[in-house]
Amino acid sequence: MNRREFVKLSCTAPLCAITPSLAWAVAPAGAEYRHLLVLIELKGGNDGLNTLVPYADPNYYALRPKLAVPRDQVVQLSDGVGLHPALAPLLPFWTRRELAILQGVGYPQPNLSHFRSIEIWDTASKSEEYLQDGWLTRSFAAAPTPPEFAADGVIVGSPDLGPLAGGGTRAIALTNTEQFLRQARLAVPEGQSHNKALQHILKVEADIVQAASQLNANYAFTTEFPQGPFGNAIKSACQVIANKAGVAVVRVTLSGFDTHSGQLATQARLLGELAAGIVALRSALDELSKWKDTLVVTYAEFGRRPKENLSNGTDHGTASVHFALGGRVTGGFYGEQPALDRLSGDGNPAYAIDFRSVYATVLDSWWGVSSTGPLGGRFKPLPLLRA
Amino acid sequence: MRISIALAALLSLAAVAQPARASAPLSYDDARHLLNRTGFGATDADIRSYVGMTHEDAARRLLDGTPTRANTPPPDWTSASGPLRYPQGGEKASAEERKAFQQEQLRKGLELRGWWVEEMLVTPSPLTERMTLFWHNHFVSSQQKVRLAELMYRQNVTLRANALGNFSTLLYAMARDPAMVIYLDSAQNRKGTPNENFARELMELFTLGEGHYTEQDVKEAARAFTGWSIDRASGNFTFRPFIHDYGVKTVLGKTGNFDGDQVLEILISRPETAEFVTRKLWREFVSPDPQEREVKRIAARFREAHYDIKSVLYAILTSDAFYSTENRGVLLKSPVDLVVGTMHQFDMRPGAPVPFAFAAAGMGQNLFSPPNVKGWPGGEAWINASTLLARKQFLDRLFRADDAGTRMQADAMPTTIAAIPKAVTAPNGAQDDEKARQLRFMRAMERGLASVQFDSSAWFAHLDGPDDAAGRSARASRLLLAIAPQTAHEPSDVPLTIVRQLVLDPVYQLK
């Protein structure tokens, strides 16, 4: 029996409310899982320097003779930096102060392998530490979501569970809700077993059935979702969010950021898809009256090398810029723009915000659960949320 | 005299303490258990050929005369001579050159996966493939990092050659295996600027296990392996004396100007190494919870036999714990178990094996690409909502109808996305040609799965026993499931329905 089942069982007993020794197992008072987290993974490693462009820094143009975004095309946000032109649809969020720009998000001793670095992000491990469970899995184990939730989290459009990987968590992966509901008919939870492996399968089947019973595929949004895989993923995410029972986190993925060559066109297209997706997401969440209770956060395994390569692209880098958006976000700049005159031996910038501080913001400030256990240490939340 | 009496007493005591059932004849259930734990989806005929044997004879039969080479001919390019192909010009390669190189390695990687799945299916010694896979997950390397499919193939050949040989020999071979040298950055390990990656994993994952060495041991051992590198042109191991640290090192309390082999010798001499590997074999073959007393007993034998792998397997496969009732059906099938086991069990011979390697990858086990240096964690980690539905869908599709699909020609099977021709107009209004090709590649893989033929009546005809509805159900259940089914069904008259009910029962995921 895992902790969640224990909680479910113990709470059906009348003792639950008055037995203080059980208090550890229930979510701490103030755990606010009605606050939705939407994670957007920029898979492949988005180039931060051409996302938030330091258009006033001569070092930038020196490092990027071919790839620099021309100053007159930058969507200027301050005297020094501005957005890539494809991100112009995000400007209204900035003006309303609902867009926080997190500069230089990374970690010490950065790893430049896609596979290893995303594992570090997903498990919130140290650079040389191998952890099995995702950071959200550990958090949900310590502070369970309400049992009536459709799931702890739903992963849209990717089979890998990322931050929800590992034991115990109720994570569902689907491409679209319709297909999931069809597939879920193959899951038939049949009772319990003393056999641990079998019990695990039965639990996962029960999770699938519970999610399928709550999710629907036909909420009639008036929002028009963008064409293409990412637009479809945002649409599926919104169908998931429209369920009445609740879900704490939804993760969508936008792939293709590994721009070793021909970066200009590829990144412009992807950032355009990202911006259009976020605009649609906001519009649909408004229809559900949920924008105020939603926090959208982007992440990626790493940024890219400041100095462009010889193939009109950029190679694997380290710290990068990320976005946090939502109805309770205090817009503005957080962290620091990478210092291009102080790059490391391999030509990468130092980080300004530890990615685990972003996670601590989610756990401590957004959900009101403790981050120290799940993150394996104390990381200071960013002051980017309003009550 | 008194001494010999005491000795005789001890010996007889030892005899009593010996597994009492070791010489009992195998029942049908015992034989199925043995063969499914050591192979892939044993058929009724396989099982019957073991019924009545003693546990010892059965273990000996599995372990005697195992091959050291694959039966299935490998892809042609594995025998090509000449220098390894890298992207021309290395760092200066053009985008097209890099892309062409990547595509080639991807294609070769898929061919390798298909080749291995085929070998698992046709080998006369499934245990050899199982152990090759076990060592692949112990001495982990991944094509994701190594990139060169040639080197992944060579590593697989070495793993198979030693799969049931000697662990010490295998360890020495892996330390200088070119794919490993790349995977764990040995090539970057130089005097003055040691890279500790290999030395750390060597102690943590290959030999001692966590908690039996210090950070200082790792640092010192890394120095001993400086200069272990590969020759880029041939892809062979090479020692570069100019970057080797010839100084004095202290590893696990021993001091000397050790080289890498001497560090391996120190690690091999430790009892923790035998126990660590034995524990892992226990989890592979017996149960998720190793019994420490038994582990110590079996590990001692392993060391006495100078790390002869057959000796340790014989001890495990004849142990009481292996056959005990409480350890039946307690292991989760890996995706490869499920896919290859199902194909073998139902005698499905695909036109091309690649889609089946793909199916296993979709369930979380992509051969030649374990997720990280720790390998696939296995056990309950195999099953989450995503992978469980992938497993059920796979089975649902295979057993949807008798003789589903038409057999696909092996040569009609595309092995990479690049082999999918560009469409003049993309279907579904997909945004670009690349996406459309990916989509059509996935469809080709699905057609590949549909290419296998299953004739449920013919399959039942090969099962021995009463031929009424209840009899058929009972026989199929006994063959396919390690323990009683979780879901009760009315006995069906329709053979395909019986099979569907059993393979979709959660117990089918167990072995």
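Here is what the cut-offs are and how they apply
Position labels on residues start from 1 in each chain and follow its written sequence. Here the convention is simple: chains get letters from A, ligands get numbers from 1, in the order in which they are written. Two thresholds apply to this predicted model, a pLDDT of at least 70 for residue-level local features and 80 or more for giving and counting side-chain atom pairs, whereas whole-chain, interface and lining totals are computed over all residues. Think of it this way: any DSSP run of H or I at least four residues long counts as a helix, any run of E at least two long counts as a strand, and we number them from the N terminus. Atoms counted for the radius of gyration: C-alpha only. Globule rule: 2.2 Å times the number of residues to the power 0.38. Whether two residues are in contact is decided by their C-beta atoms, placed from the backbone, lying within 7 Å. In this scheme every C-beta is placed from the backbone, and a residue whose C-beta has 20 or more other C-beta atoms within 10 Å is buried, one with 12 or fewer is exposed, and one in between is partly exposed. Each domain span listed reflects an automatic or database assignment of domains. Criterion used throughout: strands pair if DSSP finds at least two bridges between them. A set of buried Ala, Val, Leu, Ile, Met, Phe, Trp, Tyr and Cys residues, joined through C-beta atoms within 7 Å, is what we mean by a nonpolar core. To obtain each axis, a line is fitted to C-alpha atoms, and for helices this fit is confined to the stretch in contact; angles are then taken between N-to-C directions over 0 to 180 degrees. Between 65 and 115 degrees an angle is taken as roughly perpendicular, under 35 as roughly parallel, over 145 as roughly antiparallel, and anywhere else as oblique. Crossing handedness is defined as follows: a turn of the near helix away from the far one that is anticlockwise and smaller than a right angle gives a left-handed crossing, while the clockwise case is right-handed. Classification used: nonpolar for Ala, Val, Leu, Ile, Met, Phe, Trp, Tyr, Cys and Pro, charged for Asp, Glu, Lys and Arg, polar for all others including Gly.

Caption draft 1: Main features of the overall build of chain A. Secondary structure assignment for chain A yields 11 helices and 12 strands. Computed over the C-alpha atoms, the radius of gyration of chain A is 21 Å, within 12% of the 21 Å expected from 2.2 N^0.38 for a compact globule of 387 residues. For the C-alpha atoms alone, the extent of chain A along its principal axes is close to 70 × 45 × 40 Å. Once local pairs closer than 6 in sequence are excluded, the contacts in chain A between residues at least 24 apart make up 71%.

Caption draft 2: Looking closely at the overall build of chain B. Secondary structure summary: chain B contains 24 helices and 4 strands in total. Long-range contacts, defined as pairs at least 24 residues apart, comprise 72% of the intrachain contacts of chain B with a sequence gap of at least 6.

Caption draft 3: Up close: the environment of Gly 256 of chain B. Residue and element names in this part refer to chain B. Looking at the secondary structure, you find Gly 256 in strand E4 (residues 254–256). Residue Gly 256 is classed as partly exposed on the basis of its C-beta count, with 13 C-beta atoms lying within 10 Å. With 10 residues separating them in the primary sequence, Gly 256 and Tyr 246 have C-alpha atoms 9.8 Å apart. Non-local contacts of Gly 256, meaning those with residues more than four positions away in its chain, are made with Val 248 and Gln 262.

Caption draft 4: Summary view of the domain arrangement of chain A. Domain boundaries assigned for chain A yield domain 1 (1–30) and domain 2 (33–375). Domain 1 of chain A and domain 2 of chain A are separated by 32 Å when their C-alpha centres are compared.

Caption draft 5: Highlighting the pairing of strand E9 (residues 294–299) of chain A. Residues and elements named next belong to chain A. Counting buried positions along E9 yields 6 of 6 residues, so the element is predominantly enclosed. Residues Thr 294, Val 296 and Thr 298 line one face of E9 and the alternating positions Leu 295, Val 297 and Tyr 299 line the opposite face, and both faces are buried. Pairing between strand E1 (residues 36–43) and E9: 6 bridges, direction parallel. The partner of Leu 37 across the bridge, within E9, is Leu 295. By the bridge criterion, 3 bridges tie E9 to strand E10 (residues 320–326) in an arrangement that is antiparallel. Its bridge partner lying in E10, Leu 295 is registered against Gly 326.

Caption draft 6: Geometry of unusual backbone geometry. All names here are of chain A. Although it is not a glycine, Arg 97 adopts a positive phi angle of roughly 60°. Tracing the backbone shows Arg 97 in the loop between helix H3 (91–95) and strand E5 (99–106). The backbone of Ala 124 sits at a positive phi, close to 50°, despite the residue not being glycine. One can find Ala 124 in the loop between helix H4 (114–123) and helix H5 (135–142).

Caption draft 7: Inspection of the sheet that holds strand E3 (residues 75–76) of chain A at higher detail. Residue and element names in this part refer to chain A. One open sheet accounts for 3 strands, arranged E2-E4-E3; its pairing is antiparallel. Only two strands of the sheet have a single partner each, and these edge strands are strand E2 (52–53) and E3. Across 2 bridges, the pairing between E3 and strand E4 (residues 82–83) is antiparallel. Residue pairing across strands places Gln 76 opposite Gly 82, the latter belonging to E4.

Caption draft 8: A look at the nonpolar core. If you look at the biggest cluster of nonpolar residues, it comprises 249 residues, and the most contacted ones within it are Leu 37, Ala 237, Val 247, Val 250 and Ala 324 of chain A together with Ala 221 and Ile 316 of chain B. Broken down by element, the residue count for this core peaks at 9 residues, all from helix H9 (residues 263–287) of chain A. Residues within four places of Leu 37 of chain A in sequence aside, it is in contact with Ala 248, Val 249, Leu 295, Val 297, Val 362 and Trp 366 of chain A.

Caption draft 9: Highlighting the packing of helix H11 (residues 197–206) of chain B against helix H12 (residues 215–224) of chain B. All names here are of chain B. The N-to-C vectors of H11 and H12 enclose an angle of 125°; their axes lie 8 Å apart at closest approach. In terms of axis orientation, H11 runs oblique to H12. Viewed along their axes, H11 and H12 form a crossing whose handedness is right-handed. Side by side, H11 and H12 meet where Ala 199, Arg 200, Leu 202 and Met 203 of the first sit next to Asp 217, Val 218, Ala 221 and Ala 222 of the second. The residue makeup of the contact of H11 with H12, split by class, is 6 nonpolar, no polar and 2 charged.

Caption draft 10: Molecular detail of the environment of Gln 132 of chain A. Mapped onto the fold, Gln 132 of chain A is located in the loop between H4 and H5. Between the C-alpha atoms of Gln 132 of chain A and Pro 144 of chain A, which are 12 residues apart in sequence, the distance is 19 Å.

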